[in-house]
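Listed below are the residues making up each chain.
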Amino acid sequence: MAKQTKRTKAWSGDTVALMPFTDAIAAVKSNATAKFDESIEIAVNLGVDPRHADQQVRGVVNLPSGTGRDVRVAVFAKDAKAAEALAAGADIVGAEDLYEKINGGFMDFDRVIASPDMMALVGRLGKVLGPRGLMPNPKVGTVTPNVAQAVKDAKGGAVEFRVEKAGIAHGGIGKASFTQEALEANVKAYVDALQRARPSGAKGTYVKRITLSSTMGPGFKIDPASLNA
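Residues numbered from 1 in each chain as written. Predicted model: local features only at pLDDT ≥ 70, side-chain atom pairs only at ≥ 80, totals over all residues. Heavy atoms only, no water.

Peer 1: Give a detailed account of the overall build of the protein, specifying residues and quantitative values.
Peer 2: The secondary structure content of the protein amounts to eight helices and nine strands. Taken over the C-alpha trace, the protein has a radius of gyration of 19 Å; the compact-globule value for 229 residues is 17 Å, and the two agree within 12%. Seen along its three principal axes, the alpha-carbon backbone of the protein occupies a region of about 55 × 45 × 35 Å. The proportion of buried residues among the 229 residues of the protein is 46%. (Helix = DSSP H or I, 4+ residues; strand = E, 2+ residues; numbered from the N terminus. Rg over C-alpha atoms; globule rule 2.2 N^0.38 Å. Buried < 20%, exposed > 50% of the residue type's maximum accessible area, 1.4 Å probe, protein only.)

So this is what it looks like as structure tokens:
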């Protein structure tokens, strides 16, 4: 049996029972005792089978309280669009030169945005960006003629979600240092976005389980009904 650390011994709260989402947030915050500002993660088990095309769940949500992290944005654009992206706060902007850098191993970014005319070039990076979930996609607003707004959204709290093979969608919804109210707003926004993205092929209960946890803390189960899920 694994030996418990001082931190795990100090954990408090019921990690088995379902609880209102407000109580789960409070429990996560009280157990986030690491020496750094822990990230808060949400995991939602959905009643879908992603192997079927009509049960895919993917989208983007703008978290009202932001994410608490600095998102590094790379943009594929030329001329005026490139200037707009830089003015909006993009970390790196380019076209063929950016393609060569990424193809050569450069990966110092968290989000890739592209203007539509750049997708023939970006598409050649599919094997590099695809497995990392970084391939631009019009469904989540990362292929757009309005690259400046996409950069602002990414910097301001836009989070992509995508259901995995096991039917789980998960993502970061803030930091332990966020106020209770800020995290409540982000949790609501995230689950609401999943509800709006419900695919036509989903039958029965859609939101099955929701778990909230911090980087180094335990997970707490949210009663979906407390979110009107």
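Let us keep going from here.
Peer 1: So what about the nonpolar core? Which residues, and what values?
Peer 2: One finds Ile42, Leu46, Ile173, Val187, Tyr190 and Leu212 to be the most contacted residues of the largest nonpolar core, which totals 38 residues. Of all elements in the fold, only α2 (21-31), β1 (39-46), β6 (158-162), β7 (168-175), α8 (180-196), β8 (207-214) and β9 (219-222) reach the threshold of two or more residues within this core. In terms of residue count, the dominant contributor to this core is α8 (eight residues). Leu212 has contacts with Ala24, Ile25, Val28, Ile40, Glu41, Ile42, Ile173, Val187, Pro218, Gly219, Phe220 and Ile222, leaving out every residue within four places of it along the chain. (Core = buried A, V, L, I, M, F, W, Y, C linked by side-chain atoms within 4.5 Å. Contact = heavy atoms within 4.5 Å.)

Peer 1: So, the environment of Ala202: which residues are in play, and what are the values?
Peer 2: Along the chain, the position of Ala202 falls in the loop between α8 and β8. Assessed through its relative accessible area of 8%, Ala202 is described here as buried. For the pair formed by Ala202 and Ile168, sequence separation is 34 residues and the distance between their alpha carbons is 14 Å. With residues up to four places along the chain from it excluded, the contact list for Ala202 reads Gly47, Val48, Asp54 and Gln55.

Peer 1: I'd love a proper account of the packing of helix α3 (residues 79-88) against helix α7 (residues 147-156), names of residues and values included.
Peer 2: The geometry of α3 relative to α7 is characterised by a closest axis approach of 8 Å and an angle of 25 degrees between their N-to-C directions. As summarised for this structure, α3 and α7 are arranged roughly parallel, according to the angle between their axes. The interaxial crossing formed by α3 with α7 has right-handed handedness. Residues Lys81, Glu84, Ala85 and Ala88 of α3 pack against Val147, Ala148, Val151 and Lys152 of α7. The class makeup of the residues in the contact of α3 with α7 is five nonpolar, no polar and three charged. (Axes fitted to C-alpha atoms, helices over the stretch in contact; angles between N-to-C directions. Parallel < 35°, antiparallel > 145°, perpendicular 65-115°, else oblique. Left-handed = near helix turned anticlockwise from the far one by under 90°. Nonpolar A, V, L, I, M, F, W, Y, C, P; charged D, E, K, R; others polar.)

Peer 1: Go over the sheet that holds strand β3 (residues 73-76) with me, naming the residues and quoting the values.
Peer 2: As summarised here, the arrangement of the three strands in space is β4-β3-β5, forming an open sheet in which the pairing is parallel. At either margin of the open sheet sits one strand with a lone partner, and together these are β4 (92-94) and β5 (111-114). Across this sheet, the average inter-strand angle for adjacent strands is 15 degrees, counted without regard to direction. The pairing of β3 with β5 spans four bridges and is classified as parallel. The residue of β5 that forms the bridge with Val75 is Ile113. Against the sheet, helix α4 (residues 96-103) touches β3 and β4, its axis set at about 130 degrees to β3. (Pairing = 2+ DSSP bridges.)

Peer 1: Help me get a handle on the packing of aromatic side chains, residues and values and all.
Peer 2: Per the counting criterion, the structure on display carries two aromatic pairs. Ring geometry for Phe106 versus Phe109: centroids 5.9 Å apart, planes at 50 degrees, classification tilted. With a relative accessible area of 21%, Phe106 lands in the partly exposed category. With a relative accessible area of 4%, Phe109 lands in the buried category. Between Phe161 and Tyr190 the ring centres are 6.1 Å apart and the planes differ by 65 degrees, which places this aromatic pair in the edge-to-face class. With Phe161 in strand β6 and Tyr190 in helix α8, the pair connects residues that are 29 residues apart, well separated along the chain. Across the pair, Tyr190 and Phe161 agree in class, each one buried. Above the plane of the ring of Phe106 lies Lys101, whose end atom (NZ or CZ) is 4.3 Å from the centre. (Phe/Tyr/Trp six-rings, centres within 6.5 Å; stacked < 30°, edge-to-face > 60°. Lys NZ or Arg CZ within 6 Å of the ring centre and 35° of its normal.)

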